[in-house]
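Observations on the three-dimensional arrangement
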Amino acid sequence: MERITEGDQIRRWNDHIPLQWKYTAGVAGERFLQLLKQGKIQASVCRSCNKTYLPPKIFCKECFAQLSEWRDVPSDSGYVYSFTAVNGEIIALVKFDGVDGGLLGRLRKGREGPRIGIKVKAVFRRKEDRKGALSDIEYFERTGV
Amino acid sequence: MPKQDVAIVGIGASRFDSITAGLSYKELMFEAAIRAYADAGIDVRYDVGSFICCAEDFWEGNSISDEYMPDQIGAKLRPLFTVSGDGLLGLAHAYMHVMAGVSDLVVVESHSKLSDVASKEKIEELGYDPTFARLPGIDPRYLAGLEMRRYMEESGSTHEDCAAVAVKNKRNALKNPRGVYAESLALGDVLDSEEIASPLTKGEMSQPADGSIVVAVASAKKARKLSDKPVWLSGISWFSDAPNVEEMDLGQALYASNSSRKAYSMAGITKPATQFDFAEIDDTYAYKELQHIESLGLAKRAGKFVSSGRANPDGAMPVNVSGGSLGTGHLVEASALARVYEAVLQLRGEAGPMQISSHKKCVVQSWRGIPTQSGVTAVLSSR
């Protein structure tokens, strides 16, 4: 096969793809985000499978039922499932007592380093700064040591 | 005796490198294809009845990338489709095509031209759920950090055990002509390298490479006619765990345990820890190899297993003798076909300086990468 043998003969065509989307949060997502704006966390529930979905969805992945039952999740009932230090921040996957799933968010650095299993609560932004997005939870922070 | 319905009868690989300057992805595919067809002893324009490519549009930079696949692998005006998944999933489709009688000779291709991709991390970020898991300003590999910590917590494997995987695989790659990232390292070199998403360090992450692999798959009858060294595909299965990060079981690789259970049952494997001679499995990140060793049933405590040398080429269960993705580079969707390529060389006894002494049966396994919990397991044997 013929080959390029001189480096300066190599041509590369530079291009970029400027695209935009407007992702629909959906019935469950919309409800969750509107409540988040009010400082509340809600999950959807499948009674027959004993499953509580967070972030919520309107279908149960176990029995395929349509879900219409909701449950408040106390914002101080979280615990750290895992965490990582990345880009100078600590990102944690926070799970909540009795809830399947969880929420991703920043973990506020405390005096002690984070550990898997520590209890945390969600700290919301000031009301006027909330946008109905996951970032309305400014960070999670450790509760009573 | 395991099933002998479908066999690999030809393999070809292009050059692998961190940059394949001067060659387009189509030319890399052509390079791999002509080698595979020469290896199989076939005339692609007459003998092959079905073609399967494995590629993702975002890595290709083209919104209908599948349309551009036929000509350079000899598939003009032939049945061809592209699987949006890893190369081993393509092999699963080839298995089905043969079993269903679609064709008695099927070609699978997958490639990487990652050196063309200027926005690798952005593409990884776009794999996440837009509402709940894309974290602006945060390296998308955050999930690998979360997963590694959770895996270590649940398994008891240490950070040193994870680093030992990188040391082993980069050392193994020294004997592999495709060992783009071959290196002789100490544990400390890996542990002290830049931390990307703690506890994960750069030395524990496979780095991008370019390359293409083509595999020809045939029915038993055709395979016996074409090849005196057919490699039997005696079991293959695939599985996905939760698509949402929040629901993932980060401690264990459920896709690997579930897909292996099915593949093993097809292949008559009841004791994977002793029935396989070696394993070529996903090691996109060093901890992933440990997690996969456990989920595939190759060892109960993978950390100790690797650290004590039992996964070395001269150990009880050699894992990634080829150097894996850590040693040969990460080829996105083609990484899994690279594992198949290396496994076939071993099974045929053609692995040169990498050749191990017992090489009749092996497990090959893939993971689709972050943020997925999807993967494929296959059982290959030389008899």
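Residues numbered from 1 in each chain as written. Chains lettered and ligands numbered in written order. Predicted model: local features only at pLDDT ≥ 70, side-chain atom pairs only at ≥ 80, totals over all residues.

Topic: the sheet that holds strand β2 (residues 50-54) of chain B
All names here are of chain B. Taken together, the nine strands give an open sheet; going across it, the order is β3-β2-β4-β7-β1-β8-β11-β10-β9, and neighbouring strands pair in mixed fashion. Strand pairing shows two members of the sheet lacking a second neighbour, β3 (80-83) and β9 (278-280), which therefore form its edges. Averaged over neighbouring strand pairs, the angle between their axes works out to 30° when direction is ignored. Pairing of β9 with strand β10 (residues 361-367) involves three bridges; the strand directions are parallel. Paired with E280 across the two strands is V364, which belongs to β10. (Pairing = 2+ DSSP bridges. Helix = DSSP H or I, 4+ residues; strand = E, 2+ residues; numbered from the N terminus. Axes fitted to C-alpha atoms, helices over the stretch in contact; angles between N-to-C directions.)

A word on the packing of helix α7 (residues 159-172) of chain B against helix α12 (residues 286-295) of chain B
Residue and element names in this part refer to chain B. Relative orientation of the contacting elements α7 and α12 amounts to 100°, with a least axis distance of 7 Å. In terms of orientation, α7 lies roughly perpendicular with respect to α12. Contacts between α7 and α12 involve D161, C162, A163, V165 and A166 on the former and, on the latter, A286, Y287, E289 and L290. Residue composition of the contact of α7 with α12, by class: seven nonpolar, no polar and two charged. (Parallel < 35°, antiparallel > 145°, perpendicular 65-115°, else oblique. Contact = placed C-beta atoms within 7 Å. Nonpolar A, V, L, I, M, F, W, Y, C, P; charged D, E, K, R; others polar.)

Overview of the interface of chain B and chain A
Every contact between the two is made by 23 residues of chain B and, on the other side, 25 residues of chain A. Among the elements that make up the side of chain B that touches chain A, the one with the highest residue count is helix α6 (residues 142-155) of chain B (six residues). Per-class residue counts for the side of chain B that touches chain A are 11 nonpolar, six polar and six charged.

Remarks on the domain arrangement of chain B
All names here are of chain B. Along its sequence, chain B is carved into domain 1 (6-118 + 210-231) and domain 2 (137-208 + 234-381). In this structure, domain 1 and domain 2 have C-alpha centres spaced 23 Å apart. The partner domain 2 presents 26 residues to the 29 residues of domain 1 that form the contact. Among the elements of the structure, β1 (6-13), α4 (87-99), β4 (105-113) and β7 (210-219) are those that each provide at least two residues to the side of domain 1 that touches domain 2. If one sorts the elements of the side of domain 1 that touches domain 2 by residue count, α4 sits on top with six residues. (Domains from an automatic or database assignment.)

Considerations on unusual backbone geometry
Geometrically, the link from B:S198 to B:P199 is a cis peptide bond, its omega value of 0° lying close to zero. Here B:P199 is to be found in the loop between β5 (195-197) and β6 (200-201). Residue B:P371 follows B:I370 across a cis peptide bond; omega there is 0°. For B:P371, the position within the fold is in the loop between β10 and β11 (374-381). In this structure, A:N50 takes a positive phi of about 55° despite not being glycine. By C-beta crowding, A:N50 is classed as exposed, having 10 other C-beta atoms within 10 Å. Of note, B:N320 is a non-glycine position whose phi angle comes to about 55°, a positive value. One can find B:N320 in the loop between α13 (302-307) and α14 (324-328). The class of B:N320 is buried, set by 26 C-beta atoms lying within 10 Å. (Buried ≥ 20, exposed ≤ 12 C-beta atoms within 10 Å, placed from the backbone.)

Description of the nonpolar core
All names here are of chain B. Of all hydrophobic cores here, the largest spans 159 residues; its most connected members are L91, V215 and V217. The two domains that each donate at least three residues to this core are domain 1 (6-118 + 210-231) and domain 2 (137-208 + 234-381). Once you skip the residues sitting within four places of it in the chain, V215 turns out to touch I8, I11, A36, L91, V108, L337 and V340. (Core = buried A, V, L, I, M, F, W, Y, C linked by C-beta atoms within 7 Å.)

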